[in-house]
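Summary of structural features
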Amino acid sequence: MFSLLKAYKKNDPSVKSLLEVLILFPGPKAIFFHRFSHFLYKLKLFFLARLISEVSRFITGIEIHPGAKVGKRFVIDHGVGVVIGETAVVGDDCLIYHGVTLGGVSKTKDFKRHPSLGDNVLVGAGAKVLGPIEIGNGVRIGANSVVTKSCGDGETIVGIPGKPTS
Amino acid sequence: MFSLLKAYKKNDPSVKSLLEVLILFPGPKAIFFHRFSHFLYKLKLFFLARLISEVSRFITGIEIHPGAKVGKRFVIDHGVGVVIGETAVVGDDCLIYHGVTLGGVSKTKDFKRHPSLGDNVLVGAGAKVLGPIEIGNGVRIGANSVVTKSCGDGETIVGIPGKPTS
Amino acid sequence: MFSLLKAYKKNDPSVKSLLEVLILFPGPKAIFFHRFSHFLYKLKLFFLARLISEVSRFITGIEIHPGAKVGKRFVIDHGVGVVIGETAVVGDDCLIYHGVTLGGVSKTKDFKRHPSLGDNVLVGAGAKVLGPIEIGNGVRIGANSVVTKSCGDGETIVGIPGKPTS
């Protein structure tokens, strides 16, 4: 919890105090709501879980499906317009910006439809990561890029469709 | 109305019940508000109409101008950041994702400034469809694409500027 | 103030009255809140300043850091998802659309991290302008473009990465 707030401070040079992050930033609020809604989801209280996530969306502009699994010190900067799907997985120490989608392309139930991010992944503002793909550790995805294929550790992906820079 | 909720359930594998769609999803709420604001708009009660659409934007994150004409079973998934302009037309059974804009490029009053979508059109997250263009039936537009030219039935459009894939 | 409302009316053919702009549009509200939060920021009341800007984000969907400097008649159309960073500068008579980011790419404190826009700049919906770059007077940036390099007066920039059209 405290380490999450410190991760925000480290990532954002405009932050003046941890109190500011705790009380004013949408990102930490969205994570707290999600910890609760994910707990309800695992108890199969789907309606209640979704209610919490919808309240969170209204307050923060960030929509995380109760089923999504997110790692430690997950920083969502600014946050408005972020959408994270039901079967998405996010590793530790990831940083995503406002407008990012971890979404699906398939309508098939009961399968993994959303991406899995490794650790230390950075996803730039407005980028869309779509489908049941694997994003390696330390990958950086550029703003407004659209990624629909898996990518290996340490790659930088840019464009529509997203391609590795070399 | 009931068919709209079923359309959401069909399109979104994460949906557990129609009640969830009705009460918790932003999309159906935005459509209900819009039916009302469009009715007021046709009575030339412009201020009141706009007030309703602004209340809807605040609650749902979806902004539909009261003048826009939308068809049956119009599904807006997630919805935050959607903007639909005054002279836009949307056919039946269309599906658009969060961050989509059906917008204008001209400042001339009294003309059609926004796009017309046929039936069964899918517009991916973050895509911008701009100008008084015609999007054919069954067209699919990729995430974050920018479409400024008309396109024929069944095409798939991707990129900035959006181009047909073949 | 009055000139700001008129600038909205001039830019948006769907506007029926100045009253509509004043009471219903998110953009003018965001500017009023920002004038106040920027005043508090200059008094080094950082927490209070940020509180005002967060209230503004909740109401309007527009996030302007209290430190940002914006010029006269700055029109933010629709506005949901706009993010403007702490050291960003916006000239006079600029027009930006919803989903636009004037953001940073560096984590270094105490330096200028965000872009400076000249006068009469237009930034299309969803475009991201990133880093301590200079955008000349009268520049037009296309929807969903990503701009990370300075550009001269009067240029039109499109794509990912954004390139001048000729």
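Conventions adopted
Residue positions are counted from 1 within each chain, in the order its sequence is given. In the order they appear in the text, chains get letters beginning with A and ligands get numbers beginning with 1. The model is predicted, so local features are restricted to residues of pLDDT at least 70 and side-chain atom pairs to those at 80 or more, both for listing and for counting; the totals for chains, interfaces and linings are taken over all residues. In computing side-chain properties, one takes all heavy atoms of the structure into account and sets aside hydrogens as well as water. We superpose the copies by least squares over the C-alpha atoms of residues that have a pLDDT of at least 70 in both of them. The contact criterion used throughout is that any non-hydrogen atoms of two residues lie within 4.5 Å. Accessible area, probed at 1.4 Å, shrinks when two parts are joined; the buried area is that loss added up over both. Salt-bridge detection follows one rule: a side-chain nitrogen of Lys or Arg within 4 Å of a carboxyl oxygen of Asp or Glu. Whenever a nitrogen or oxygen atom comes within 3.5 Å of another N or O atom, the pair is scored as a polar contact, on the condition that within protein one atom can donate a hydrogen and the other can accept it, and that pairs from neighbouring residues in sequence are kept only if both atoms are in side chains. Every helix listed is a DSSP run of H or I at least four residues long, and every strand listed is a run of E at least two residues long, numbered separately from the N terminus. On a scale of 0 to 100, pLDDT captures the predictor's confidence in every residue. Here a strand pair is declared whenever DSSP counts at least two bridges between the two strands. What a helix is expected to span follows from its residue count: subtract one and scale by 1.5 Å. Each residue's exposure class comes from its accessible area (1.4 Å probe, protein chains only) as a fraction of the maximum for that residue type: buried when under 20%, exposed when over 50%, partly exposed otherwise.

What follows is about the relation of the copies chain B and chain A. Each of the two chain copies can be brought onto the other by rotation about an axis and movement along it. The two copies are related by a screw motion: chain B maps onto chain A through a turn of 120 degrees and a shift of 0.0 Å along the axis, at an RMSD of 0.0 Å. Here the symmetry operator amounts to a three-fold rotation axis.

A separate point is the interface of chain C and chain A. Taken together, the 28 residues of chain C in the interface contact 28 residues of chain A. Buried area between chain C and chain A, summed over both chains or domains, comes out near 2,200 Å², and the portion from carbon and sulfur atoms is 62%. Area buried by chain C at its contact with chain A is led by Phe 47, Arg 50 and Lys 107 of chain C, which between them contribute 27% of it. In this assembly, chain C and chain A are joined by 2 salt bridges. With a shortest N-O distance of 3.5 Å, Glu 20 of chain A and Arg 50 of chain C are connected by a salt bridge. At the junction of chain C with chain A, the criterion picks out 10 residue pairs in polar contact (both at pLDDT 80 or more). Element by element, the count of residues in the side of chain C that touches chain A is highest for helix H4 (residues 46-60) of chain C, at 7 residues.

Right, let's talk about the confidence of the model for chain A for a bit. Chain-level statistics for chain A give a pLDDT mean of 93 and a share of 98% at 70 or above. Across the whole predicted complex the pTM is 0.94, and at the interface the ipTM reaches 0.92.

Now for the sheet that holds strand E5 (residues 89-90) of chain A. The pairing of strands in a sheet comes from backbone hydrogen bonds and takes either a parallel or an antiparallel form. All names here are of chain A. Spatially, 4 strands are ordered E2-E5-E8-E11 in an open sheet, and the strand pairing comes out parallel. Looking at strand neighbours, the two that pair on one side only are strand E2 (69-70) and strand E11 (134-135), the edges of this open sheet. As defined by bridge partners, E2 adjoins E5 across 2 bridges and the pair is classed as parallel. If you follow Lys 69 over to E5, its bridge partner there is Val 89.

This part takes up H4 of chain C. All names here are of chain C. End to end, H4 covers 21 Å across 15 residues, agreeing with the expected 21 Å (1.5 Å per residue, within 8%). What H4 keeps buried is the set Ala 49, Arg 50, Ile 52, Ser 53, Glu 54, Ser 56, Arg 57 and Thr 60. Gly 61, located one to two residues past H4, shows a positive phi value of around 80 degrees.

Of the two same-sequence chains, chain C is brought onto chain A (RMSD 0.0 Å, axial shift 0.0 Å) by a rotation of 120 degrees. The share of interface residues of chain C whose copies in chain A are also at the interface is only 18%, consistent with the copies meeting through different surfaces.

Turning to the interface of chain B and chain A, a few remarks are in order. Across the contact, 28 residues belong to chain B and 28 residues belong to chain A. Note on chain B versus chain A: buried area summed over both sides is about 2,200 Å², and carbon and sulfur give 63% of it. When the buried surface of chain B facing chain A is broken down by residue, Pro 13, Leu 24 and Asn 144 of chain B rank first, second and third, together holding 28% of it. Linking chain B to chain A there are 2 salt bridges. Taking the shortest distance from any N to any O, the salt bridge between Lys 16 of chain B and Glu 86 of chain A comes out at 2.8 Å. For the pair chain B and chain A, the interface holds 10 residue pairs in polar contact (both at pLDDT 80 or more). Within the residue set of the side of chain B that touches chain A, elements represented by two or more residues are helix H2 (18-24), helix H3 (26-42), helix H4 (46-60) and strand E6 (95-97) of chain B.

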